[in-house]
Amino acid sequence: MERLTRYLKGDLALWGVVLFFAALSFLPVYSASSNLVYLEKTGITTYGYFARHAMLISVGLLIIFLVHRFPYRFFRPLSRLGLLVSWILLFFVLLKGNTIEGANANRWIYIFGVSFQPSALAMIILLMYVASYLADIYGEKINFNESLFALWIPVGITVAMVTVPNFSTGAIMFFMVLLLLYIGRYPLKYIFSILVMSILLFGVFLLFIRAYPDAFSHRADTWKSRIETFLDKDKEENYQSQRAKMAIVSGGFWGQGAGKSVMKNLLPQGSSDFIFAIVVEEYGLWGGAGLIFLFIIMLVRFVVISLKATTIFGKLLVLGVGIPIVFQGFVNMGVSVGLLPVTGQNLPFFTSGGTSIWMTCLALGIILSVSAKQDKNSEKLKMKEQAQTIEDSSPDGEPSQEELSQEQE
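Residues numbered from 1 in each chain as written. Predicted model: local features only at pLDDT ≥ 70, side-chain atom pairs only at ≥ 80, totals over all residues. Heavy atoms only, no water.

Engineer: Before we go on, may I ask you to explain helix 12 (residues 275-308) in this structure?
Structural biologist: Helical geometry note: an α-helix holds 3.6 residues per turn, so side chains three or four residues apart project in the same direction. In this model helix 12 runs just 35 Å from its N-terminal to its C-terminal C-alpha over 34 residues, more than 12% under the 50 Å that 1.5 Å per residue would give. Within helix 12, the axis deviates most sharply at Gly284, by approximately 130°. (Helix = DSSP H or I, 4+ residues; strand = E, 2+ residues; numbered from the N terminus. Expected span 1.5 Å × (residues − 1). Bend = angle between axes of the 7 residues up to and from the residue.)

Set out below in structure tokens:
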């Protein structure tokens, strides 16, 4: 254990949950990849997708390890630079959207041949930036006009650029920002005012795309279709949601067994949006409940690490980048069971795709960096207390009479 803690700093319980998540993800990803082999016809076998997932997980764990050794105080200046970089990438997405397998996929761009979703990075960077801002003004009297340029304009630009190609991610990002502001004691009246103003602006945007349907036709149609499909359970477009529910029902309590899912062959998005349904079909109610329990444990560790953090920035940073991981997981599971409309949100570690796994690992590395600093401070405090005890026992630095008598005995 000592050899392990020499390299893995920070909260060991969170490390355990992360490694457990990574190990559990292989079987569902391998099982669901059989449908990808049939649909994509790229020549990649199920073993190829298994090897690809192993590579993604390995790189992700390396990201966690490298980031968690990085002092988290440096994330404050990096958040400002990162915000500019994310704006450039998001703007490039708006200009250069791609088509994957004949479907519109203007959420991704290709960098050196690898698909990348800038909105996932933008969410982490923006929440880091907001945490840094709240730490700067913590305890001060806040004026809305003063925070307009320092906070709301950067938030508005980022959320707007994400929302156009990816409404669900933009909405989650905005909600996470408001939640972090509430935790950081930003005035509630300003938060409420911004929320009302944002709803009005979004309403104006919807009127604009109805007046000029060619401007954002693909996204407006997608939003409308998903909402109508969710409200009308009998629509033919509700095919995937219906099959996902059938998969969950057929799983029962104990499940069909690893790799024995039938619905994975009928769910086009069984390896991404609806992978939780495949997990429940193969591992049953106990498997699904176990996965939910792991997310709850992860959330608890985030809260514990936040409470132990010695700086306001550290406390807010942990919650800012940590809560979205758990929230996205529950949204994905909510879609699979029919509680939410299809959003395209990932199930962390389980959904196939490099961006999802790597950005989750980046956020976890940041959290463990904060936790590692806590351990370092605890060690320094313990050493200081030991030194003080020795000094108190003998003011002149010589062994005390009690210590000498003990040695003689």
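Engineer: Could you clarify how one ought to interpret the packing of aromatic side chains in this entry?
Structural biologist: Centre-to-centre distance and the angle between the planes together describe a pair of aromatic rings. Within this structure, the stated rule accounts for 16 aromatic pairs. For the pair Tyr72 and Phe313, a centre-to-centre distance of 6.1 Å together with 20° between the ring planes defines the contact as stacked. Of this pair, Tyr72 sits in the loop between helix 4 (46-68) and helix 5 (75-96) while Phe313 sits in helix 13 (residues 312-336), and the two are 241 residues apart along the sequence. Judged by relative accessible area, Tyr72 falls into the buried class, the value being 7%. Here Phe167 and Phe202 contribute two aromatic rings whose centre-to-centre distance is 5.2 Å and whose plane-to-plane angle is 25°, an arrangement assigned as stacked. Taken together, the positions of Phe167 in helix 8 (residues 167-183) and Phe202 in helix 9 (residues 188-211) put the pair 35 residues apart, joining distant regions of the chain. Look at Phe167 and you get partly exposed, because its relative accessible area is 31%. One aromatic cluster is present, formed by Phe21, Phe295, Phe330, Phe349 and Phe350 through successive ring pairs. (Phe/Tyr/Trp six-rings, centres within 6.5 Å; stacked < 30°, edge-to-face > 60°. Buried < 20%, exposed > 50% of the residue type's maximum accessible area, 1.4 Å probe, protein only.)

Engineer: What's the story with the confidence of the model for the protein chain in this structure? I'm lost.
Structural biologist: Predicted coordinates in areas of low pLDDT are best not read in detail. Summarising the model, the protein chain shows a mean pLDDT of 81, and 76% of its residues fall at 70 or more. Confidence, read as mean pLDDT per element, is least for helix 15 (residues 401-408) in the protein chain (45) and greatest for helix 6 (residues 118-137) (94). Considering only residues more than four positions removed or in separate chains, one finds that residues 98-104, a stretch of pLDDT under 50, has 14 contacts. (pLDDT = per-residue confidence, 0-100. Contact = heavy atoms within 4.5 Å.)

Engineer: Before we go on, may I ask you to explain the nonpolar core in this structure?
Structural biologist: A general trend in soluble globular proteins is that nonpolar side chains are found buried together. Formed by 90 residues in total, the largest nonpolar core has its most connected members in Leu181 and Tyr186. Here this core gets 15 residues from one element, more than from any other, and that element is helix 6. With near-sequence residues (within four places) excluded, Tyr186 lies in contact with Tyr133, Leu134, Ile137, Ile142, Phe144, Ser147, Leu151, Trp152, Leu181 and Ile191. Membership of the second largest hydrophobic core comes to eight residues, among which are Ala244, Ala247, Leu267 and Val335. (Core = buried A, V, L, I, M, F, W, Y, C linked by side-chain atoms within 4.5 Å.)

Engineer: Can you help me understand unusual backbone geometry in this one?
Structural biologist: Backbone geometry follows two general trends: most residues other than glycine have a negative phi, and most peptide bonds adopt the trans configuration. For Arg185, which is not glycine, the phi torsion reads 65° and is therefore positive. Structurally, Arg185 is set in the loop between helix 8 and helix 9. Positive phi is not limited to glycine here, since Phe349 has a value of about 80°. Note on Phe349: relative accessible area 1%, which makes it buried.

Engineer: Help me understand the packing of helix 12 against helix 13, please; the structure alone is not making it clear to me.
Structural biologist: At a minimum axis separation of 10 Å, helix 12 and helix 13 run at an interaxial angle of 165°. Overall, the two elements helix 12 and helix 13 adopt an arrangement that is roughly antiparallel. Two packed elements cross with a definite hand, and for helix 12 against helix 13 that hand is left-handed. Residue-level inspection shows Phe276, Ala277, Ile292, Phe295, Ile296, Met298, Leu299, Phe302, Val303, Ile305, Ser306 and Leu307 of helix 12 in contact with helix 13, the latter providing Lys315, Val318, Leu319, Gly322, Ile323, Ile325, Val326, Gly329, Phe330, Asn332, Met333 and Ser336. A per-class count over the contact of helix 12 with helix 13 returns 18 nonpolar, five polar and one charged. (Axes fitted to C-alpha atoms, helices over the stretch in contact; angles between N-to-C directions. Parallel < 35°, antiparallel > 145°, perpendicular 65-115°, else oblique. Left-handed = near helix turned anticlockwise from the far one by under 90°. Nonpolar A, V, L, I, M, F, W, Y, C, P; charged D, E, K, R; others polar.)

Engineer: Explain helix 9 to me, please; I cannot follow it from the model alone.
Structural biologist: Taking 1.5 Å per residue, 24 residues should reach 34 Å; helix 9 reaches 35 Å between its end C-alpha atoms and fits that length. The set of residues buried in helix 9 consists of Tyr190, Ile191, Ile194 and Ile209.

Engineer: Can you help me understand the packing of helix 2 (residues 12-24) against helix 4 in this one?
Structural biologist: The packing of two helices is summarised by the inter-axis angle and the distance between the axes. Across the interface, helix 2 lies against helix 4 with an axial gap of 11 Å and an inter-helix angle of 165°. By the angle between their axes, helix 2 is roughly antiparallel relative to helix 4. The element helix 2 and its partner helix 4 pack so that their crossing is right-handed. Counted together, Trp15, Val18, Leu19 and Ala22 of helix 2 and Ile57, Leu61, Ile64, Phe65 and His68 of helix 4 form the full contact between these two elements. The residue makeup of the contact of helix 2 with helix 4, split by class, is eight nonpolar, one polar and no charged.

Engineer: In this structure, what is going on with the pattern of salt bridges? I would like to understand it.
Structural biologist: Here the structure, examined in full by the defined rule, presents three salt bridges. The residue Arg76 makes a salt bridge to Asp136 at a minimum N-O spacing of 2.2 Å. Here Asp136 lies in helix 6 and Arg76 lies in helix 5, a separation of 60 residues in the sequence. Between Asp136 and Arg80 there is a salt bridge; the shortest N-O distance is 3.5 Å. Taken together, the positions of Asp136 in helix 6 and Arg80 in helix 5 put the pair 56 residues apart, joining distant regions of the chain. Assessed through its relative accessible area of 40%, Asp136 is described here as partly exposed. Here Arg80 falls in the partly exposed class, since its relative accessible area comes to 40%. Three or more residues joined by partner-sharing salt bridges are found here, namely Arg76, Arg80 and Asp136. (Salt bridge = Lys/Arg side-chain N within 4 Å of Asp/Glu carboxyl O.)

Engineer: Looking at this model, I keep getting lost on the side chain of Ser261. Mind explaining?
Structural biologist: Note on placement: Ser261 falls in the loop between helix 11 (239-251) and helix 12. At 2.5 Å, the side chain of Ser261 and the side chain of Glu281 are in polar contact. Those residues in contact with Ser261 that sit more than four places away from it in its chain are Ile278, Glu281 and Glu282. (Polar contact = N/O pair within 3.5 Å; in protein donor to acceptor, adjacent residues only side chain to side chain.)

Engineer: Help me understand the environment of Val321 in this model?
Structural biologist: Take Val321: it is sitting in helix 13. Of the residues examined, Val321 reaches a relative accessible area of 3% and is grouped as buried. Separated by 141 residues in sequence, Val321 and Leu180 place their C-alpha atoms 9.7 Å apart.

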